[in-house]
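# Structural features, examined
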Amino acid sequence: MPEERFCRRCGRRIEWRRKWAADWDRIAYCSEKCRRRKIGARDREIERALVSRALRAAAGATFCPSEVARAVGGEDWRAWMESVREAARRLVAKGELEVLQRGAVVDASTARGPIRLRRVNAPVPPSR
Ligand SMILES: [Zn+2]
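Now for a description of the structure that goes with this document.

Definitions and cut-offs
Residues numbered from 1 in each chain as written. Predicted model: local features only at pLDDT ≥ 70, side-chain atom pairs only at ≥ 80, totals over all residues. Helix = DSSP H or I, 4+ residues; strand = E, 2+ residues; numbered from the N terminus. Buried ≥ 20, exposed ≤ 12 C-beta atoms within 10 Å, placed from the backbone. Pairing = 2+ DSSP bridges. Axes fitted to C-alpha atoms, helices over the stretch in contact; angles between N-to-C directions. Core = buried A, V, L, I, M, F, W, Y, C linked by C-beta atoms within 7 Å. Domains from an automatic or database assignment.

Turning our eyes to something else, we now look at the environment of Ser 52. Inspection of the secondary structure puts Ser 52 in helix α2 (residues 41–56). The exposure class assigned to Ser 52 is exposed, which follows from the 11 C-beta atoms found within 10 Å.

Okay, here's the thing in structure tokens:
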């Protein structure tokens with residue numbers, strides 16, 4: 001099996017295609033659309049905001065990506081949600097965050113609908 005690759009823009013897993021066999025190691029984007037939308041300073045800012053929000057969360061606690069969209073986009077936060085979800089998937093691909101739905105970790109590449117985020121390897125509080 002070829003090594004898994006994740007889109008540099010949207011963070012989704014890139015499906016292997018036979019026509020890419022020869023240069024799989026150089027495939028960086030899942031689509032032409034993603035290839036045209038380069039990562040900018042704002043995207044990096046969103047990534048940093050996600051990481052710092054994740055680090056502030058209590059051990060094992062999740063948070064909603066809209067919190068970060070509000071922090072970055074203010075009144076316009078809804079317009080930033082897709083960028084925040086993309087940044088979250090990029091961080092999932094790097095092993096820094098995980099995506100949850102109904103309390104369970106899900107595949108960030110295919111998750112639809114509302115998600116919550118959590119730092120990977122967040123220490124779990126002891127149960128009593
Ligand atoms: Zn993509």
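Once you've had a look at it, read on.
The next thing to look at is the sheet that holds strand β2 (residues 104–106). With antiparallel pairing, the three strands of this open sheet are ordered in space as β2-β1-β3. Sheet topology places β2 and β3 (116–119) at the edges, where each strand pairs with a single neighbour. The average angle at which neighbouring strand axes cross in this sheet is 50°, direction not considered. Of the pairings in the sheet, the one linking strand β1 (residues 97–101) to β3 comprises four bridges and is antiparallel in character. For Val 99, the partnering residue across the bridge sits in β3 and is Leu 117.

We now examine the nonpolar core. Ranked by internal contacts, the top residues of the largest apolar core, which has 21 residues, are Leu 50, Val 84, Ala 88, Val 92 and Leu 97. Here this core takes seven residues from helix α4 (residues 77–93), the largest share from any one element. Taken domain by domain, this core gets at least three of its residues from each of domain 1 (1–38) and domain 2 (41–119).

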